[in-house]
2 protein chains.
Amino acid sequence: MNAALGVFDSGLGGLTVLKEILRELPGESVIYFGDTARVPYGTKSRETITRFSMENLKFLQTFGIKAAVIACHTASSLALDAVRGAFGFPIVGVVAPGAAKAAAATKNGRIGVIGTRSTVESHAYENAILERDPAAKVVSAACPLFVPLAEEGMTEGDIVRQIVAQYLVPVIDYNVDTLVLGCTHYPVLLERILEVLPPGITVVNPAVEAARDIAEVLKAESLEAPGHHRHDTRYFVSDEPSKFVELGPLFLGRPITRVERVVEEYGWNLSNAA
Amino acid sequence: MNAALGVFDSGLGGLTVLKEILRELPGESVIYFGDTARVPYGTKSRETITRFSMENLKFLQTFGIKAAVIACHTASSLALDAVRGAFGFPIVGVVAPGAAKAAAATKNGRIGVIGTRSTVESHAYENAILERDPAAKVVSAACPLFVPLAEEGMTEGDIVRQIVAQYLVPVIDYNVDTLVLGCTHYPVLLERILEVLPPGITVVNPAVEAARDIAEVLKAESLEAPGHHRHDTRYFVSDEPSKFVELGPLFLGRPITRVERVVEEYGWNLSNAA
């Protein structure tokens, strides 16, 4: 069907997921919403993230979307179960696909997960991995400075190297052979992460897996767009768009031109000023 | 009069301002609101911060406050002028008192200001200083990692030292003799900041000046509480309160026990679940 696919994230980071979706599904129209007025989600509580997620999905719903991807790992970890039943379209998160890939990839059964504080404290990745491989050993580490580093475009230099090492060394010391990038911002720091990792560790980017997952869901439910001509990718944000336009390409890997703004009034509404 | 004083901030940081208010005004009751669901403000736009500030002041207004302090430098920089006329009580920010102190303190006329990106880009400090001393030279530097560091309780260690030095060296090289801590979180990093500063630089903490300012306003408008017995300090936050309770004492310098939660519904409302 011709309806668009909806994608939401706390802000910019979900563009790393959108990048994979656009690659995997070249024929689909996509509506992307970044909640830049309330970013970040990774330091906030389950109840608050669930409320934000409901509001974001209701906004996407106004476009008559046929399916949604929660690109934010924190929202996928804390809110997916609560919001799934509230909408008449399929909703895919990034945690289950990432966990499935990690469980399939590990050889020694030791998996590292890095993410925001809220994602790690939710144990969502750990639970999803153990569901697939009950014998797996999962070590999780919160990397709370990675999001501000990525949002500042600080991806190089000694300070960044030291911060990356500080977070990753305890995970590496656990002798993991697989590492899940459990936050949308982390692919932006991938080069620094690879510098610290010893050889032979498989890095799982759940964005890639989530894109495959939503492709399978569209196929299984006969929701695929006819033909392969993309109609449109539209971007909406809840704060002033200039930072999104400026930094977005770092995450998406291509320029972003037109971004529309929504304002919150009794839930999200389209801004007249946009 | 017995009505309370209202104080709001984007989250925890304003507790460094509250600390000075409690010291300066031992006889006043205070209602503190931290917008922890939407923190931080320092990366967001004027329009969004103005909307948040209006909502926060409306919430404080429901307690019949006699005056308000905007403890957040970003909100003071971006929103104070817009919200001031909308309420029937005096509203004091932190920028004007900090700027006045800096203009009075400098001897060589060279003043450094460090703050969030939004505060620095607003030029609010610069304008307020130049109003008092048109010949002053002001150099401003955004320190976007300071807030996440402080919020993580990361105030020691080599990485913190290097980040502090990276932001401050260009300011020091400008030969300033006065440095304004233009964000509520920065006093938490004061020891690291002092390690980097050469001797003889006056550090201005606008929290101290804002507390004096609101004391003067209360006196001038005959709004002081009778007697000197504090009735109550109440804390409200917009996200789940546990992090506020845990990290708050680092900013306030004393324990925080009871914190109430508000939820946003058509503006902020008291949560039934609190």
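Predicted model, so just to flag it, every value in this text is computed and none were measured.

(A) Summary view of the overall build of chain A. Secondary structure assignment for chain A yields 12 helices and 11 strands. Its C-alpha radius of gyration of 18 Å places chain A within 12% of the 19 Å reference for a compact globule of 274 residues. Expressed as lengths along the three principal axes of its C-alpha atoms, the size of chain A is roughly 50 × 40 × 35 Å. The buried share of chain A, taken over its 274 residues, is 62%. Relative to all contacts within chain A whose residues are 6 or more apart in sequence, the contacts with residues 24 or more apart total 76%.

(B) Quick peek at the packing of helix 5 (residues 95-105) of chain B against helix 11 (residues 206-220) of chain B. Residue and element names in this part refer to chain B. In contact at an axis separation of 8 Å, helix 5 and helix 11 are set at 110° when each is read in the N-to-C sense. By the angle between their axes, helix 5 is roughly perpendicular relative to helix 11. The element helix 5 and its partner helix 11 pack so that their crossing is right-handed. Between helix 5 and helix 11, the residues in contact are Pro97, Gly98 and Lys101 and Pro206, Glu209, Ala210 and Asp213, respectively. In the contact of helix 5 with helix 11, the residues fall into three nonpolar, one polar and three charged.

(C) How the structure looks around the domain arrangement of chain A. All names here are of chain A. Domain assignment breaks chain A into domain 1 (5-93 + 208-273) and domain 2 (95-206). Taken residue by residue, the interface counts 28 residues in domain 1 and 23 residues in domain 2. In this assembly, domain 1 packs against domain 2 so that about 1900 Å² is buried in total across both faces, 59% of it on carbon and sulfur atoms. For the domain 1 face of the interface with domain 2, the top three residues by lost area are His73, Ser77 and Glu209, together amounting to 31%. For Lys243, the salt bridge identified is with Glu151, shortest N-O distance 3.3 Å. Run the count over domain 1 and domain 2 and you get 12 residue pairs in polar contact (both at pLDDT 80 or more). Counting residues per element, the ones that place at least two in the side of domain 1 that touches domain 2 are helix 1 (15-24), helix 3 (73-78), helix 11 (206-220) and helix 12 (242-252).

(D) Up close: the relation of the copies chain A and chain B. Placing chain A over chain B gives an RMSD of 0.0 Å and needs a rotation angle of 180°, together with 0.0 Å of translation along the axis. On this basis, the relationship between the two copies can be described by a two-fold rotation axis. With an isologous cut-off of 70% or more, the 100% of interface residues of chain A that recur at the interface of chain B puts this contact in the isologous class.

(E) Up close: the interface of chain A and chain B. Across the boundary between the two partners, chain A contributes 32 residues, which contact 32 residues of chain B. Note on chain A versus chain B: buried area summed over both sides is about 2700 Å², and carbon and sulfur give 52% of it. On the chain A side of the interface with chain B, the three residues burying the most area are Leu145, Glu152 and Ile159 of chain A, jointly 19% of the side's total. Run the count over chain A and chain B and you get four salt bridges. The salt bridge partner of Glu152 of chain A is Arg117 of chain B, with a shortest N-O separation of 2.3 Å. Secondary-structure elements contributing two or more residues to the side of chain A that touches chain B are helix 2 (46-61), helix 8 (146-151), helix 9 (158-172) and strand 10 (259-264) of chain A. No other element matches helix 9 of chain A, which puts five residues into the side of chain A that touches chain B.

(F) Structural detail: the pattern of salt bridges. Inspection of every chain in the model, using the stated rule, returns 30 salt bridges over all chains. It is possible to trace a salt-bridge network through shared partners that takes in Asp158, Arg161, Glu191, Arg192 and Glu195 of chain A.

(G) Molecular detail of the packing of aromatic side chains. For the coordinates displayed, the defined rule picks out 22 aromatic pairs over all chains. Ring geometry for Phe33 of chain A and Phe59 of chain A: centres 5.2 Å apart, planes at 55°, overall tilted. Of this pair, Phe33 of chain A sits in strand 2 (residues 30-34) while Phe59 of chain A sits in helix 2, and the two are 26 residues apart along the sequence. The same class applies to Phe33 of chain A and to Phe59 of chain A, which are both buried. Considering the side-chain rings of Tyr41 of chain B and Phe52 of chain B, the 5.4 Å spacing of their centres and the 45° angle between planes classify their relative orientation as tilted. Highlighted residues: Tyr41 of chain B in the loop between strand 2 (30-34) and helix 2 (46-61) and Phe52 of chain B in helix 2, separated in sequence by 11 residues. You'll find Tyr41 of chain B and Phe52 of chain B in the same group, each marked buried. Taken together through their ring pairs, the aromatic side chains of Phe33, Phe59, Phe63 and Phe236 of chain A make up a single cluster. Just above the ring of Phe52 of chain A sits the side chain of Arg38 of chain A; from NZ or CZ to the centre is 3.7 Å.

(H) Representation of the nonpolar core in the model. Formed by 52 residues in total, the largest nonpolar core has its most connected members in Ile114, Phe146 and Ile193 of chain A together with Ile114, Phe146 and Ile193 of chain B. Put simply, the parts of the chain that give this core at least two residues each are strand 6 (137-142), helix 8, helix 9 and strand 7 (178-182) of chain A together with strand 6 (137-142), helix 8 (146-151), helix 9 (158-172) and strand 7 (178-182) of chain B. The residues touching Phe146 of chain B, leaving out its near neighbours within four places in the chain, are Ile114, Ile163, Val164, Tyr167, Tyr186, Leu189 and Ile193 of chain B.

(I) The confidence of the model for chain A, seen in detail. Taken residue by residue, chain A gives an average pLDDT of 94. The fraction at 70 or more is 95%. The ipTM for the predicted assembly is 0.90, set against a pTM of 0.93.

(J) Here's a closer look at the pairing of strand 3 (residues 67-70) of chain A. Residues and elements named next belong to chain A. Judged by which residues are buried, strand 3 turns out to be covered on both faces: Ala67 and Val69 on one side and Ala68 and Ile70 on the other are all buried. Bridge analysis of strand 1 (residues 5-9) against strand 3 gives four bridges, and the strand direction is parallel. Each bridged residue has a counterpart across the sheet, and for Leu5 the counterpart in strand 3 is Ala67. Bridge analysis of strand 3 against strand 4 (residues 91-92) gives two bridges, and the strand direction is parallel. Bridging across to strand 4, Ala68 finds its partner in Ile91.

(K) Fine view of the environment of Leu252 of chain B. Residues and elements named next belong to chain B. Along the chain, Leu252 turns up in helix 12 (residues 242-252). For the pair Leu252 and Ile65, spaced 187 residues apart in the sequence, the C-alpha separation amounts to 22 Å. If we ignore the near neighbours within four places in the chain, the residues touching Leu252 are Leu15, Leu18, Lys19, Leu22 and Tyr235.

(L) Quick peek at the sheet that holds strand 6 of chain B. All names here are of chain B. Pairing in this open sheet of four strands is parallel, and the strands run 6-5-7-8 from one edge to the other. Looking at the sheet topology across the chains shown, the edges are occupied by strand 6 and strand 8 (202-204). For this sheet, the mean inter-axis angle between neighbouring strands, taken without regard to orientation, is 20°. Relative to strand 8, strand 7 runs parallel, the two being bridged by three bridges. What sits directly across from Leu179, in strand 8, is Val203. Lying on the sheet, helix 5 is in contact with strand 5 (110-115), strand 7 and strand 8; it crosses strand 8 at an angle near 165°.

Parameters at a glance
Residues numbered from 1 in each chain as written. Chains lettered and ligands numbered in written order. Predicted model: local features only at pLDDT ≥ 70, side-chain atom pairs only at ≥ 80, totals over all residues. Heavy atoms only, no water. Helix = DSSP H or I, 4+ residues; strand = E, 2+ residues; numbered from the N terminus. Rg over C-alpha atoms; globule rule 2.2 N^0.38 Å. Buried < 20%, exposed > 50% of the residue type's maximum accessible area, 1.4 Å probe, protein only. Contact = heavy atoms within 4.5 Å. Axes fitted to C-alpha atoms, helices over the stretch in contact; angles between N-to-C directions. Parallel < 35°, antiparallel > 145°, perpendicular 65-115°, else oblique. Left-handed = near helix turned anticlockwise from the far one by under 90°. Nonpolar A, V, L, I, M, F, W, Y, C, P; charged D, E, K, R; others polar. Domains from an automatic or database assignment. Buried area = accessible area lost by both parts, 1.4 Å probe. Salt bridge = Lys/Arg side-chain N within 4 Å of Asp/Glu carboxyl O. Polar contact = N/O pair within 3.5 Å; in protein donor to acceptor, adjacent residues only side chain to side chain. Least-squares fit on C-alpha atoms with pLDDT ≥ 70 in both. Phe/Tyr/Trp six-rings, centres within 6.5 Å; stacked < 30°, edge-to-face > 60°. Lys NZ or Arg CZ within 6 Å of the ring centre and 35° of its normal. Core = buried A, V, L, I, M, F, W, Y, C linked by side-chain atoms within 4.5 Å. pLDDT = per-residue confidence, 0-100. Pairing = 2+ DSSP bridges.

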